[in-house]
Amino acid sequence: MDITKRQMEIVQAAIQVIARQGYEKLTTKNLANSLGVTDASLYRHFDSKKDLIKMILCYFEHLSCEVIQQIREQSLSPLDRIRRFVNNRYEMFAREPDLAMVMFSEEFFKNDPSYAEYFQGIMHIHRDEVLGYIMEGQHSGSIRSDLNPLHVFRIVVGSMRLLVTQWNLTKGAFDLLGEGKLMTETIIRLIEVEK
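My aim in this report is to walk through the structure given alongside it, one point at a time. All chains use their own residue numbering, which begins from 1 and follows the written sequence. Confidence filtering applies because this is a predicted model: local features only for residues at pLDDT of at least 70, side-chain atom pairs given and counted only at 80 or more, and all residues used for totals across whole chains, interfaces and linings. Excluding hydrogens and water, the side-chain values take into account all heavy atoms of the structure.

Some thoughts on the overall build of the protein
For step 1, the next point in the chain: For helices the rule is a DSSP run of H or I covering at least 4 residues; for strands it is a run of E covering at least 2, with both sets numbered from the N terminus onward. For the protein, the helix and strand inventory stands at 10 helices and zero strands.
For step 2, the next point in the chain: With respect to the three principal axes, the spread of C-alpha positions in the protein is 65 × 35 × 30 Å.
For step 3, the next point in the chain: For the exposure calls, accessible area comes from a 1.4 Å probe over protein chains only, and a residue counts as buried if that area is under 20% of its type's maximum, exposed if over 50%, partly exposed in between. Considering the protein as a whole, with its 195 residues, one finds that 43% of them fall into the buried category.
For step 4, the next point in the chain: By the convention used here, residues are in contact when the closest approach between their heavy atoms is within 4.5 Å. Once local pairs closer than 6 in sequence are excluded, the contacts in the protein between residues at least 24 apart make up 69%.
For step 5, the next point in the chain: Only four residue types enter the tally: Lys and Arg on the positive side, Asp and Glu on the negative side; His and the chain ends are excluded. Note that the charge is assigned to NZ on lysines, CZ on arginines, CG on aspartates and CD on glutamates. Seen as two clouds, the 24 positive and the 26 negative side-chain charges of the protein have centres 3 Å apart.

Dropping the structure here:
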């Protein structure tokens with residue numbers, strides 16, 4: 001991802017404004033105030049609010065693709081790949097709770113169809129990757145072959161989304177990473193072929 005240090009500071013500040021005040025409060029004035037700069041200086045780094053939002057999505061995509069690449073480079077079983085993928089999401093959102101608020105905010109995506117389209121593209125990358133792990137596990141006999149791979153994917157990712165949403169709504173009232181790992185293991189037990 002080609003982004004300057006200053007642009008990343010702006011992206012992080014924008015994520016914080018959206019997460020804590022809502023998408024509508026992401027104005028150049030509010031963003032400039034949170035950074036302690038002038039409105040005009042923001043336009044040296046981003047042409048428009050839309051460009052800034054696309055950069056936030058690009059940042060999330062970059063984080064996602066990094067972990068996918070790390071998983072590919074490791075010699076992991078299909079079940080361990082699923083674990084690594086999902087637990088990485090819990091780690092990332094626990095580390096960056098504002099990013100979790102933004103990525104799971106419907107408000108964020110209803111304002112511009114191009115944002116939803118871009119995010120859907122990221123989701124398809126995730127879907128294709130995790131489906132590959134599932135189908136590989138079914139082929140090798142470690143994941144139940146009587147289960148529809150797409151349904152398994154939706155259970156894995158849907159449960160993660162639900163848990164992160166609950167964590168967001170309770171303002172982090174429970175250990176997301178610990179609870180997430182326990183839920184991942186429950187799902188693994190449901191889909192794993194008994195030995």
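A word on the side chain of Ser64
For step 1, the next point in the chain: Here Ser64 is to be found in helix H4 (residues 49–73).
For step 2, the next point in the chain: Polar contacts, as counted here, are pairs of nitrogen or oxygen atoms within 3.5 Å of one another; within protein the pair requires one atom able to donate a hydrogen and one able to accept it, and residues that are adjacent in sequence qualify only if both atoms are side-chain atoms. Engagement of the side chain of Ser64 in a polar contact is seen with the side chain of His126, the distance being 3.1 Å.
For step 3, the next point in the chain: If we skip the residues at most four places from it in the chain, Ser64 touches Arg89 and His126.

Re helix H1 (residues 5–21)
For step 1, the next point in the chain: An ideal rise of 1.5 Å per residue puts 24 Å on 17 residues; H1 measures up with 24 Å between its terminal C-alpha atoms.
For step 2, the next point in the chain: Buried residues of H1: Gln7, Met8, Ile10, Val11, Ala13, Ala14, Ile15, Val17, Ile18 and Ala19, and no others.
For step 3, the next point in the chain: A positive backbone phi angle near 105 degrees is found at Gly22, which sits one or two residues after H1. Here the expected length of a helix is defined as 1.5 Å per residue gap, with one fewer gap than residues.

Examining the state of the cysteines
For step 1, the next point in the chain: Note on disulfides: each one is a pair of cysteine sulfur atoms within 2.5 Å. Overall, the coordinates contain zero disulfides when judged by the stated rule.
For step 2, the next point in the chain: Cys58 takes part in no disulfide bond, and the closest cysteine sulfur, belonging to Cys65, lies 9.2 Å away.

Some thoughts on the packing of aromatic side chains
For step 1, the next point in the chain: In summary, the pairing rule links any two rings of Phe, Tyr or Trp, Trp by its six-membered ring, whose centres are within 6.5 Å, and it sorts them by plane angle into stacked for under 30 degrees, edge-to-face for over 60 and tilted for everything else. As enumerated under the stated definition, the model contains three aromatic pairs in all.
For step 2, the next point in the chain: When the ring of Phe60 is compared with that of Phe93, the centres are 6.2 Å apart and the planes differ by 15 degrees; the resulting orientation is stacked. A residue pair is termed long-range when its members are at least 10 positions apart, and Phe60 in helix H4 and Phe93 in helix H5 (residues 78–95) qualify at 33 residues. Per residue, the accessibility class of Phe60 equals that of Phe93, and both read buried.
For step 3, the next point in the chain: Through successive ring pairs, a cluster of aromatic residues spans Phe60, Phe93, Phe104 and Phe119.
For step 4, the next point in the chain: Note on criteria: charge over ring means Lys NZ or Arg CZ within 6 Å of the ring centre, with the direction from the centre no more than 35 degrees off the ring normal. Here Lys49 stacks its cationic end above the ring of Tyr23, 4.2 Å away from the centre of that ring.
For step 5, the next point in the chain: We note Arg89 situated over the ring of Phe85; from NZ or CZ to the ring centre the distance is 4.2 Å.

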